[in-house]
There are 2 protein chains.
Amino acid sequence: MKPGDLTEAVTAVLAAVEAAEGRLAPKKRAVIEAALLCFAESGYAATSTKAISQRAGVAEATIFRHFGTKADLLLRLVRPVAARLIQPGLVEAQEIFAETEGNLEAKIARMMTARLAFADRYAPLVRILLQELPVNPELHGLLQDSVIGGLIRFLDIALGEEIAQGRLRPIPAPRFLRILASMLIGYWIARSMVAPGEWDDEAEIALMAGLLARGLKP
Amino acid sequence: MKPGDLTEAVTAVLAAVEAAEGRLAPKKRAVIEAALLCFAESGYAATSTKAISQRAGVAEATIFRHFGTKADLLLRLVRPVAARLIQPGLVEAQEIFAETEGNLEAKIARMMTARLAFADRYAPLVRILLQELPVNPELHGLLQDSVIGGLIRFLDIALGEEIAQGRLRPIPAPRFLRILASMLIGYWIARSMVAPGEWDDEAEIALMAGLLARGLKP
DNA sequence: CCGAATTGTGAGTAAGCACTCACTATCATG
DNA sequence: CATGATAGTGAGTGCTTACTCACAATTCGG
């Protein structure tokens, strides 16, 4: 999955929504696709239901038949992907920490690569999340509780082991997660929103992971 | 200036706008104040001119007398502060690099402290920028050209010296700036939007600066 | 203290908004 | 092929939106 590949990203979101809603009627599918792109491009508030219906080639009423309200449409796009962000993401992180050979830097790099791939796979939705999170408390709660809470609980244990074995200076899991996430999101924004073009993911991740690992050596 | 202090932040923005527009009529001042807070809380698109006028205690027509359109109102809030972000910010960075004793970590920490103070001083406006940047190409250009361009040109020279003297492994200025900015913005968001409360700025900045400096030692 | 500029407003207006409803088309199943 | 359910829609609904305008109040240099 390349960073700029919207088609596959839309397909991935559609699959996630379908898993949550059951088989999708064709026009319902079209609405989801159109809404996803409109919201990502212009933001939720600046997108009208008329604009979505036109882009989907559907009557405006069809949106409300399937989703009731505009706010519900947003939530039913975001929730299934958020759900996929939690469970499999956590399992993946745990596997990486268990499998990868002792080297902390390699573990961090593999986690970053995996999360970057996730962000690419659901690119338009990540864009929507970044835009709406500061003003939509409902989304705020959705992520805070499940995603971040779960990750921190896991990291607390994983980092604790590293610290106990003297491979890492003592650092609270939330702080570690915040710095790792900041760098990764900052990179994702730079690569896919600010200056799309030639980026060497492997080199950039190596730099960031190296920075973290070397900077946190005891 | 404490992180949560809105009153002083509003005053600072008002001063910046006044410097650009000349002496402000009292109701014009009230509109700026109200718009600033409304945009920061709910986003530009979700804020109606009626809501602004009510918060300002002003007739809706007064907004259009002074600012013409809603879009212009936003730009005339953002531009003066963006202007203050460029010139003085650059001079400040140069001074810090020139004054502070050889230690790269201390230089980075001082730069971070200064930029954090700036973000606090103009907190509501920073919030608006973070929300609107992805969907407003006009703001995008405003920052990209002047702020980032200028900073990178300066950093290129400053880092070049460090590298030449063997105190820093070779790293392109944009990459350095991106990582530094990501961590700092990530911290600012965590501290003033996600989980406001007790934060030890000095310790957090020391951690981030140490990470960068140690991670980038040759 | 006068006249002109500036500041401020109540009462609009047309277009756009999210959303409803009565109705038709499609389709799986007994 | 009849029937009930699901999918889809054109034509609205009332309300909100950004914005206008004629006119009133205030300010201020000459």
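Up top is the structure these notes are about.
Residues numbered from 1 in each chain as written. Chains lettered and ligands numbered in written order. Predicted model: local features only at pLDDT ≥ 70, side-chain atom pairs only at ≥ 80, totals over all residues. Heavy atoms only, no water.

Concerning the overall build of chain A
1) Next: Of the regular secondary structure elements, chain A holds ten helices and zero strands.
2) Next: Across chain A, helices and strands are ordered from the amino to the carboxyl terminus as α-α-α-α-α-α-α-α-α-α.
3) Next: Along the first, second and third principal axes, the C-alpha atoms of chain A reach 65 × 35 × 30 Å.
4) Next: When the 218 residues of chain A are sorted by exposure, 48% land in the buried category.
5) Next: By sequence separation, contacts in chain A at least 24 residues apart represent 65% of the contacts at least 6 residues apart.
6) Next: Carbon together with sulfur atoms contributes 56% to the accessible area of chain A, which is approximately 10100 Å² in total. (Helix = DSSP H or I, 4+ residues; strand = E, 2+ residues; numbered from the N terminus. Buried < 20%, exposed > 50% of the residue type's maximum accessible area, 1.4 Å probe, protein only. Contact = heavy atoms within 4.5 Å. Areas by Shrake-Rupley, 256 points an atom, 1.4 Å probe, with all protein chains shown as cover.)

Looking at the pattern of salt bridges
1) Next: For the structure shown, the criterion picks out 26 salt bridges over all chains.
2) Next: With its nearest N and O atoms 2.4 Å apart, the salt bridge here joins D120 of chain A to R191 of chain A. One end of the pair, D120 of chain A, is in helix α6 (residues 104–121); the other, R191 of chain A, is in helix α9 (residues 173–194), with 71 residues separating them in the sequence.
3) Next: For D120 of chain A, a relative accessible area of 5% corresponds to the buried category.
4) Next: For R29 of chain B, the salt bridge identified is with E18 of chain B, shortest N-O distance 3.1 Å. Residue R29 of chain B is located in helix α2 (residues 26–42), and its partner E18 of chain B is located in helix α1 (residues 6–21); the two are separated by eleven residues in the primary sequence. (Salt bridge = Lys/Arg side-chain N within 4 Å of Asp/Glu carboxyl O.)

What about the environment of L159 of chain B?
Residues and elements named next belong to chain B.
1) Next: Mapped onto the secondary structure, L159 falls in helix α8 (residues 137–164).
2) Next: Looking at L159, the relative accessible area reads 1%, which means it is buried.
3) Next: Separated by 13 residues in sequence, L159 and P172 place their C-alpha atoms 8.4 Å apart.
4) Next: Those residues within four positions of L159 in sequence are excluded, and the remaining contacts are L168, A173 and F176.

Remarks on helix α4 (residues 60–67) of chain A
All names here are of chain A.
1) Next: Along α4, the residues classified as buried are T62, I63 and F67. Considered in projection along α4, the buried side chains sweep an arc of 105° and stay on one side of the axis. Exposed and oriented more than 90 degrees from the buried face of α4 are A61 and R65.
2) Next: Contacts made by the buried residues of α4 are with α2 (26–42), α3 (49–56) and α5 (70–99).
3) Next: Of the residues flanking the end of α4, it is G68, one or two places downstream, whose phi is positive at about 75°. (Arc of directions from axis to C-beta.)

Observations concerning the interface of chain A and chain B
A common measure of how large an interface is: the accessible area buried when the components associate.
1) Next: Across the boundary between the two partners, chain A contributes 31 residues, which contact 31 residues of chain B.
2) Next: With both sides pooled, the region where chain A packs onto chain B buries about 2500 Å², and carbon together with sulfur makes up 65% of that total.
3) Next: When residues of chain A are sorted by the area they lose upon contact with chain B, R178, L211 and R214 of chain A head the list and together hold 24% of the total.
4) Next: Here E204 of chain A makes a salt bridge to R178 of chain B, at a shortest N to O gap of 3.0 Å.
5) Next: For the pair chain A and chain B, the interface holds six residue pairs in polar contact (both at pLDDT 80 or more).
6) Next: Elements that contribute at least two residues to the side of chain A that touches chain B include exactly α2, α8 (137–164), α9 and α10 (201–215) of chain A.
7) Next: Among the elements that make up the side of chain A that touches chain B, the one with the highest residue count is α9 of chain A (ten residues).
8) Next: Per-class residue counts for the side of chain A that touches chain B are 17 nonpolar, eight polar and six charged. (Buried area = accessible area lost by both parts, 1.4 Å probe. Polar contact = N/O pair within 3.5 Å; in protein donor to acceptor, adjacent residues only side chain to side chain. Nonpolar A, V, L, I, M, F, W, Y, C, P; charged D, E, K, R; others polar.)

Some remarks on α2 of chain B
Residues and elements named next belong to chain B.
1) Next: For α2, spanning 17 residues, the distance from its first C-alpha to its last is 24 Å, which sits close to the expected 24 Å at 1.5 Å a residue.
2) Next: Where the residues of α2 are buried, they touch α1, α3 (49–56), α4 (60–67), α5 (70–99) and α7 (123–132).
3) Next: Directly beyond the C-terminal end of α2, a positive phi value near 90° is found at G43. (Expected span 1.5 Å × (residues − 1).)

Notes on the packing of α2 of chain A against α4 of chain A
Residue and element names in this part refer to chain A.
1) Next: The interhelical angle for the contact between α2 and α4, taken along N-to-C directions, is 100°, at an axis separation of 10 Å. Taken together, the axes of α2 and α4 are roughly perpendicular relative to one another. Here K27, K28, V31 and I32 of α2 lie close against α4, whose contacting residues are T62, I63, H66 and F67.
2) Next: Of the residues in the contact of α2 with α4, the class split is four nonpolar, two polar and two charged. (Axes fitted to C-alpha atoms, helices over the stretch in contact; angles between N-to-C directions. Parallel < 35°, antiparallel > 145°, perpendicular 65-115°, else oblique.)

A word on the protein's contact with DNA strand C
1) Next: Taken together, the neighbourhood of DNA strand C is formed by 17 residues, with T49 and K70 of chain A together with T62, R65 and H66 of chain B sitting nearest.
2) Next: Across the atoms of DNA strand C situated within 4 Å of the protein, the share located in sugar and phosphate is 58%.
3) Next: Within the backbone of T47 of chain A, a nitrogen or oxygen atom sits 3.4 Å from a phosphate oxygen of DNA strand C.
4) Next: Among the elements of the structure, α4 of chain A together with α2 and α4 of chain B are those that each provide at least two residues to the surface near DNA strand C.
5) Next: Within the surface near DNA strand C, the residues separate by chemical class into seven nonpolar, six polar and four charged. (Near = heavy atom within 4 Å.)

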